[in-house]
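What follows is the residue order along each chain.
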Amino acid sequence: MGPRTAAWPLRWLLPVFVALLTVVFFYPTLENGFVDWDDDKIIFENLNYRGLDWPELRWMSTTFYMGHYQPLSWMTLGLDYLLWGMDPFGYHLTSLILHAANAVIFYFIALRLLSAASPGAAAIPLRVAALFAALVFAVHPLRVESVAWVTERRDVLSGLFLLLCILCYLKSVAAAANAERRLWMASAVVVYGLSLLSKAAGMTLPAVLLVLDVYPLRRLGGRAEGWRGPAARKVWWEKAPFALLAVIFAVVALLAQREARALLSLETHGVAARFGQALFGIAFYLRKTIAPLNLSPIYGLPIQLKEADWLSFLLSGALALALTVIFVIGRRRWPAALASWICYLALLAPVLGLVQAGPQLAADRYTYLACLGWAILAGGVLLYLWPIGSDGAHLGNVAVFSAVLAAVIVAILGFLTWTQTQVWHDPLTLWKHAVSTYPQASRAHNNFGNALAHRERTAEAIAHYREALRIDPEYKEAHHNLGITLASRGDLAAAIEQYRAALRIDPNYKEARNNLGVALTYQEKLPEAVGEYRAALRIDPGYKEVHNNLGVALVNQGELTEAIAHYRAALSADPSYKAARYNLGNALADRGEVTAAIEQYREALRIDPGYEEARNNLNVLLEMQGKK
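These remarks concern the structure in this document. In this convention, every chain numbers its residues from 1, walking through the sequence in written order. This being a predicted model, a pLDDT of at least 70 is required before a residue's local features are given, and a value of 80 or more before pairs of side-chain atoms are given or counted; all residues contribute to the totals for chains, interfaces and linings. Remark: hydrogens and water are excluded; side-chain values derive from all non-hydrogen atoms of the structure.

**Quick notes on the overall build of the chain**
This is how the line gets drawn: Helix numbers and strand numbers start at the N terminus; a helix is a DSSP run of H or I with at least 4 residues, a strand a run of E with at least 2. What the globule rule says is 2.2 Å times the number of residues to the power 0.38, and the radius of gyration is computed from C-alpha atoms. With a 1.4 Å probe rolled over the protein chains alone, any residue whose accessible area is under 20% of its type maximum counts as buried; one over 50% counts as exposed, and the rest are partly exposed. Should any heavy atoms of two residues lie within 4.5 Å, those residues are considered in contact. Residue burial considers only the protein chains on display, and all accessible areas are found by Shrake-Rupley using a 1.4 Å probe. Positive charges come from Lys and Arg, negative ones from Asp and Glu, while His and the chain ends are left out of the count. Each charge is placed at NZ for Lys, CZ for Arg, CG for Asp and CD for Glu.
Looking only at helices and strands, the chain has 31 helices and two strands in total. The C-alpha radius of gyration of the chain comes to 28 Å, within 12% of the 25 Å expected for a compact globule of 628 residues. In terms of principal-axis extent, the alpha carbons of the chain reach across some 90 × 55 × 45 Å. Here the chain, with 628 residues, has 53% of them falling under the buried criterion. Sequence separation of at least 24 residues holds for 68% of the intrachain contacts in the chain that already meet a minimum separation of 6. Of the accessible surface of the chain, which amounts to about 28,400 Å², a share of 62% is contributed by carbon and sulfur atoms. Mean positive and mean negative side-chain charge positions of the chain (56 and 50 charges, respectively) differ by 11 Å.

Laid out in structure tokens, this is it:
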């Protein structure tokens with residue numbers, strides 16, 4: 001369904017130009033590091049993804065780690081580790097390449113859809129309109145979060161396969177031979193499955209395909225095709241494998257979020273609040289698409305819904321309803337607008353908050369797929385302003401003006417994207433921007449406090465933790481992080497108070513129990529510390545840090561045998577846990593098992609050759625054996 005004729009250089013120069021311009025505007029991401037917002041847990045603390053051998057592949061294919069089922073996304077991260085180690089440049093390069101590939105694929109999708117919508121249009125205007133559509137999608141600042149944040153590799157990878165699915169579907173519809181049609185349709189189903197294996201973001205794609213069948217493909221509805229005739233039933237049945245995959249992965253996604261305890265209960269976030277949030281999101285993402293200013297990595301849910309929040313929700317709902325009425329009334333004159341609107345709502349539906357996972361009211365990354373329709377609509381407007389049938393050789397004033405305006409729009413979007421990518425340079429830059437942009441987000445203050453604390457700017461960190469708690473007194477992580485920072489300054493009593501506050505909010509907060517145990521150990525309240533460690537192990541029997549810390553407390557109580565058992569349990573969870581190796585060596589030495597202790601010290605040094613404490617103790621034992 002592509003254009004019949006075109007100057008041959010444009011066929012490949014334009015998609016190459018799309019890729020190059022995408023890389024240019026996102027280039028600053030290659031100079032960025034990792035951020036402490038899930039990158040720390042995904043990349044640094046998690047050893048399971050590091051490689052592509054059978055143990056790693058088995059973990060990738062079975063885990064719900066961090067609330068997502070994304071085996072293919074894990075595989076790309078595993079490949080990055082093999083190629084780049086822990087160098088963030090390589091991880092960002094992979095994400096950028098995937099996004100640039102998505103931009104090129106979307107160019108060909110836009111070309112086919114615009115050609116179907118305007119069958120009389122000449123080749124050059126069609127290709128220029130598709131170019132504009134692809135760039136509106138690719139260089140829009142709302143794409144930055146998905147590209148610049150390594151954790152969101154799943155967005156660009158699932159987007160790659162979903163766009164390939166749509167392209168295969170369009171090729172199937174255009175195919176003349178039945179065998180070719182079936183091959184392309186089967187390919188569409190396969191790559192759709194790959195998209196869902198990367199992230200279940202495209203679970204509503206079957207609805208989008210039905211919309212495309214109505215307009216611009218005109219396979220459903222209308223006087224000739226109808227909705228229930230033999231040809232229409234065939235179109236409906238084509239969606240069955242897509243729908244089956246969508247249902248399966250929607251259930252899997254819910255199970256993953258449930259295991260991560262990310263789903264908010266109805267008691268915490270009621271039905272009325274969910275519908276209000278959904279209405280707000282519909283208008284919010286539309287507004288940010290038109291005017292992508294003051295973007296933030298987090299837009300937090302209101303702690304308590306106030307009158308101003310409800311007014312915003314209702315106004316957003318009124319806008320959504322008004323646009324729906326306008327597009328329905330004008331569907332015959334401008335069917336593309338209604339089609340784009342329905343696709344927007346369908347792709348946005350899973351993340352609007354009706355099933356709320358996490359504390360965010362909205363997120364820039366949720367637009368990666370949802371705003372594809374608006375980009376094609378922008379290309380359609382540009383095409384409309386060109387004379388139908390013009391080959392581009394003799395353009396009218398309107399066409400020239402529209403082309404210049406399109407170039408200006410792309411340049412503005414690109415500049416904003418270039419600027420926004422630098423916001424993700426490092427944790428301190430990211431959360432400083434978030435706090436200044438959205439000062440009422442308690443999570444932004446907490447995360448900014450973390451970034452400051454990691455740079456030993458503890459007084460500033462404490463101020464931001466307290467601001468987070470002023471906004472949300474029930475924010476357990478802020479209590480916990482404030483406690484850690486107070487403990488680092490030697491104020492153990494105040495730290496213990498914060499740990500206990502976090503545990504009053506969530507008695508199963510295992511990290512708070514562990515750190516409370518550490519603080520009590522420093523206060524030499526060993527029985528209380530042991531009690532907290534045992535409580536943490538009841539919550540998570542494989543918590544390696546607690547096993548190690550409990551071992552230390554037990555050694556101080558003279559219970560070497562049980563301490564050794566806990567050190568071994570820590571090493572069973574993580575054989576490269578050097579502190580547990582060192583402590584196990586000490587305990588074995590205290591029990592007179594010198595040879596076994598030497599083995600543990602040597603293993604600790606194999607893990608970290610600069611571990612001076614282990615080297616010193618090893619030398620002492622070797623001297624005792626006369627092996628200086």
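We are not done yet, so read on.
**Some words on the packing of aromatic side chains**
What counts, and what does not: Aromatic rings from Phe, Tyr and Trp, with only the six-membered ring used for Trp, were paired whenever their centres fell within 6.5 Å, and each pair was classed as stacked if the ring planes differed by under 30 degrees, edge-to-face if by over 60, and tilted otherwise. The criterion is that NZ of a Lys, or CZ of an Arg, lies within 6 Å of the ring centre and within 35 degrees of the ring normal, and then a charge sits over that ring.
This model, assessed by the stated rule, comprises 30 aromatic pairs. Between Trp37 and Trp149, the aromatic rings sit 4.2 Å apart at their centres with planes inclined by 10 degrees, giving stacked as the arrangement. Separated by 112 residues along the polypeptide, Trp37 in the loop between helix H1 (8-25) and helix H2 (39-44) and Trp149 in the loop between helix H7 (144-148) and helix H8 (153-174) bring together distant segments of the chain. For the pair shown, Trp37 and Trp149 are each scored as buried. Between the NZ or CZ atom of Lys510 and the centre of the ring of Tyr543, over which it lies, the distance is 5.2 Å. Here the basic side chain of Lys578 rests over the ring of Tyr611, its NZ or CZ set 5.0 Å away from the ring centre.

**Here we look at the packing of helix H29 (residues 578-590) against helix H31 (residues 612-624)**
The test is simple: Lines are fitted to the C-alpha atoms to define the axes, a helix being fitted only along its stretch in contact, and any angle between axes, read from their N-to-C directions, falls within 0 to 180 degrees. Each angle is binned into one of four classes, with values under 35 degrees roughly parallel, values over 145 roughly antiparallel, values of 65 to 115 roughly perpendicular, and all other values oblique. Throughout, a crossing is termed right-handed when the near helix is turned clockwise from the far one, and left-handed when it is turned anticlockwise from it by less than a right angle. Under this grouping Gly is polar, as are all residues other than the nonpolar Ala, Val, Leu, Ile, Met, Phe, Trp, Tyr, Cys and Pro and the charged Asp, Glu, Lys and Arg.
Closest axis-to-axis distance for the H29/H31 pair is 10 Å, and the angle between their directions is 25 degrees. When the axes of H29 and H31 are compared, the pair comes out roughly parallel. Crossing of H29 against H31: the hand is left-handed. When H29 is examined against H31, the residues Tyr582, Asn586 and Ala589 are found in contact with a partner set consisting of Glu613, Ala614, Asn617 and Leu621. Looking at the contact of H29 with H31, its residues break down into four nonpolar, two polar and one charged.

**Side note on the nonpolar core**
Stated precisely, the cut-off is as follows: Throughout this description, the term nonpolar core refers to a set of buried Ala, Val, Leu, Ile, Met, Phe, Trp, Tyr and Cys residues connected via side-chain atoms within 4.5 Å.
Membership of the largest hydrophobic core comes to 179 residues, with the highest contact counts inside it found for Phe106, Ile109, Tyr192, Phe242, Trp341, Tyr344 and Trp424. Discounting residues that sit within four places of it in the chain, Tyr192 has contacts with Leu162, Cys165, Gly202, Met203, Thr204, Leu205, Pro206, Phe242, Leu245 and Ala246. In this structure, Phe34, Ile42, Met60 and Trp74 belong to the second largest nonpolar core, which totals ten residues.

**Remarks on helix H28 (residues 560-573)**
The line we're drawing: By this rule the span expected of a helix is its residue count minus one, scaled by 1.5 Å. In this description, the arc belongs to the directions extending from the helix axis to the C-beta atoms.
An ideal rise of 1.5 Å per residue puts 20 Å on 14 residues; H28 measures up with 20 Å between its terminal C-alpha atoms. Residues of H28 that are buried include every one of Ala563, Ile564, His566, Tyr567, Ala570 and Leu571, and no others. One side of H28 carries all its buried residues, which in axial view fall inside an arc of 160 degrees. Exposed positions of H28 whose direction lies more than 90 degrees from the buried face are Thr561 and Ser572. Against helix H26 (526-539), helix H27 (544-556), H29 and helix H30 (594-607) lie the buried residues of H28.

**With respect to a nonpolar patch on the surface**
Stated formally: Patches here: salt-bridge-free residues with over 30% relative accessible area, like charges joined within 9 Å, nonpolar side chains (Val, Leu, Ile, Met, Phe, Trp, Tyr) joined within 5 Å. Here, a salt bridge means any side-chain nitrogen of Lys or Arg that lies within 4 Å of a carboxyl oxygen of Asp or Glu.
Together, Val400, Phe401, Val404, Leu405, Val408, Ile409 and Ile412 line one region of the surface with nonpolar side chains, adding up to about 590 Å² of accessible area. Within the secondary structure, Val408 sits in helix H19 (residues 397-423). A residue is classified by how much of its surface remains accessible, and Val408, at 38% relative accessible area, is partly exposed.

**Section: the environment of Gly67**
By secondary structure assignment, the location of Gly67 is in the loop between helix H3 (54-62) and helix H4 (71-84). The buried category is assigned to Gly67, whose relative accessible area is 2%. When the C-alpha positions of Gly67 and Arg261 are compared, they lie 7.9 Å apart, and in sequence the two are 194 residues distant. Apart from the residues lying within four places of it in its own chain, the contact partners of Gly67 are Ala256, Gln257 and Ala260.

**Topic: the packing of helix H20 (residues 427-437) against helix H21 (residues 442-454)**
In the contact formed by H20 and H21, the axes pass within 9 Å of each other and the chain directions differ by 150 degrees. Taken together, H20 and H21 sit at an angle that is classed as roughly antiparallel. Considering only the axes of H20 and H21, their crossing is left-handed. Side by side, H20 and H21 meet where Pro427, Leu428, Trp431, Lys432, Ala434 and Val435 of the first sit next to Ala444, His445, Asn447, Phe448, Ala451 and Leu452 of the second. Here the contact of H20 with H21 is built from residues that sort into nine nonpolar, two polar and one charged.

**Brief notes about the pattern of salt bridges**
Pairing of side chains with opposite charge becomes possible as their charged atoms draw close. Going through the model one piece at a time under the given rule, you end up with 21 salt bridges. One continuous salt-bridge network, built from bridges that share partners, spans Glu145, Glu152, Arg154, Asp155, Lys199 and Arg365.

**Examining the environment of Arg333**
For Arg333, the location among the structural elements is in the loop between helix H15 (307-329) and helix H16 (335-348). With 89 residues separating them along the chain, Arg333 and Leu244 place their C-alpha atoms 35 Å apart.

**A short note on unusual backbone geometry**
With an omega of 15 degrees, the peptide bond running from Tyr215 to Pro216 counts as cis. Tracing the backbone through its elements, the reader meets Pro216 in the loop between helix H10 (205-214) and helix H11 (222-225). For Arg218, which is not glycine, the phi torsion reads 55 degrees and is therefore positive. Along the chain, the position of Arg218 falls in the loop between H10 and H11. Non-glycine residue Glu456 carries a positive phi angle of around 60 degrees. Residue placement: Glu456 occurs in the loop between H21 and helix H22 (458-471).

**Structural notes on the environment of Pro9**
Residue position: Pro9 is located in helix H1. The partly exposed category is assigned to Pro9, whose relative accessible area is 30%. It is 36 Å that separates the C-alpha atoms of Pro9 and Ala207, two residues lying 198 residues apart in sequence.

**Focus: the state of the cysteines**
Joining two cysteines, a disulfide is a covalent bond between their sulfur atoms. Operational definition: The disulfide criterion is simple: two cysteine sulfur atoms within 2.5 Å.
According to the stated counting rule, one finds zero disulfides in the structure shown. Here Cys168 stays free of any disulfide, with the sulfur of Cys165 as its closest cysteine sulfur at 7.0 Å. In this structure Cys168 comes out as buried when scored by relative accessible area, which is 11%. Looking at Cys371, it has no disulfide partner, and the nearest cysteine sulfur is the one in Cys343, 12 Å off.

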